[in-house]
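# Coordinate inspection notes
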Amino acid sequence: MNDLIRVPAREGKAQALAQNESVRIVNTHGSQVVDTWAFNANDLGEFMSMEHTRSTIDKMMPDVGEAFLTNKRRAILTIMEDTTPGVHDTLNAACDVHRYHLLGYDGYHDNCTDNLAAALEAIGKPNRGRTPCPFNMFMNRPWSTDKQLYKEAPVSKPGDSLTFRAEMDCIVVFSSCPQDMNATNAGLPKDVHYEVF
Ligand SMILES: [Zn+2]
């Protein structure tokens, strides 16, 4: 195990993983949603895809021991451990400036879409304008058969974590979601941490 790396509140960070390396994301304060992406390190056009994963495995998300798939339906990240009650989201787009404008925010608001772009640019892998649907770790968005989606605060506890194993050389990006205008992050966005091993 290595030292914990901080993903500051409202910011994103990209991390390269070699095949078979693992990463553990810690919800340090328990209440923070982390938008998560993974890209084939050799081809950013191949990325972890929520819709390809759901339609291939016939459920909303993989269980522990199962993998998220890419848009080429190849395993990219396997969930090795989940210490939370297992409440996460695979349905909702990353937040963006337009989302905050719809909520009534005037001006520029930090957002996960721009965090993804900035994190990839920071490691010399620009991909701006392409934002796959993220795996929204810790996000509590219950849905019902009457077609309603609800927004509730995360049910994870401080120190809860998810661990993934990389099934190919990949780049993962984490964004500490800056949403501060609804219940998504149970109030103010906070730091999270991760380690690679
Ligand atoms: Zn967000």
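Residues numbered from 1 in each chain as written. Predicted model: local features only at pLDDT ≥ 70, side-chain atom pairs only at ≥ 80, totals over all residues. Heavy atoms only, no water.

## Describing a nonpolar patch on the surface
The following threshold applies: Each patch is assembled from residues with relative accessible area greater than 30% and no salt bridge, linking like charges that lie within 9 Å and nonpolar side chains (Val, Leu, Ile, Met, Phe, Trp, Tyr) that lie within 5 Å. Working definition of accessibility: Shrake-Rupley area with a 1.4 Å probe, residue cover restricted to the visible protein chains. Salt bridge, as applied in this entry: a Lys or Arg side-chain nitrogen positioned within 4 Å of an Asp or Glu carboxyl oxygen. Numbered from the N terminus, helices here are DSSP runs of H or I no shorter than four residues, and strands are runs of E no shorter than two.
Side chains of Met60, Leu91, Trp143 and Leu149 sit close together on the surface and give an oily, nonpolar patch of about 360 Å² of accessible area. Along the chain, the position of Met60 falls in the loop between helix H1 (50-57) and strand E6 (67-69).

## Some remarks on the sheet that holds strand E7 (residues 75-82)
This is how it is decided: The pairing criterion is simple: DSSP has to find at least two bridges between the two strands. A fitted line through C-alpha atoms represents every axis, and for helices the fit uses only the stretch in contact; the resulting angles, taken between N-to-C directions, go from 0 to 180 degrees.
Strand order in the open sheet formed by six strands is E1-E11-E3-E9-E7-E6, with antiparallel pairing between adjacent strands. Two strands lie at the open edges of the sheet, namely strand E1 (5-7) and E6, each paired on one side alone. Taken pair by pair, the neighbouring strands of this sheet meet at an average axis angle of 25°, ignoring direction. Across five bridges, the pairing between E7 and strand E9 (residues 160-166) is antiparallel. Its bridge partner being in E9, Ile79 is matched across the sheet by Phe164.

## A closer look at the coordination of the zinc ion
For the record, the criterion: Distances decide who is a donor: an N, O or S atom must be within 2.8 Å of the metal, or within 3.2 Å for Na, K and Ca. Water is not included, so sites may look incomplete. The buried label goes to any residue with under 20% of its type's maximum accessible area, the exposed label to any with over 50%, and the partly exposed label to all in between, with areas taken from a 1.4 Å probe on protein chains only.
Distances from the zinc ion to its protein donors, Cys95 (SG), Cys112 (SG) and Cys177 (SG), fall at 2.2 to 2.3 Å. Binding-site remark: the zinc ion is held by donors from one chain whose sequence spacing is C-x16-C-x64-C. Here the residue Cys112 occupies a position in helix H3 (residues 112-122), and Cys177 occupies one in the loop between strand E10 (170-176) and strand E11 (192-196), the gap between them amounting to 65 residues. Looking at Cys177, the relative accessible area reads 5%, which means it is buried.

## A closer look at the nonpolar core
Stated formally: Here, nonpolar core refers to any group of buried Ala, Val, Leu, Ile, Met, Phe, Trp, Tyr and Cys residues whose side-chain atoms link them within 4.5 Å. The contact criterion used is simple: two residues touch if any of their non-hydrogen atoms lie within 4.5 Å.
Counting 27 residues, the largest nonpolar core has Leu77, Phe135, Met137, Phe164 and Phe174 as the members making the most contacts within it. Broken down by secondary-structure element, the contributors of at least two residues to this core are strand E3 (22-27), strand E4 (34-40), E7, strand E8 (135-137), E9, E10 and E11. The residues touching Phe164, leaving out its near neighbours within four places in the chain, are Glu21, Ser22, Val23, Ile25, Phe68, Leu77, Thr78, Ile79, Met80, Phe135 and Met137. Ranked by size, the runner-up nonpolar core spans 17 residues in total, among them Cys95, Met139, Ile171 and Cys177.

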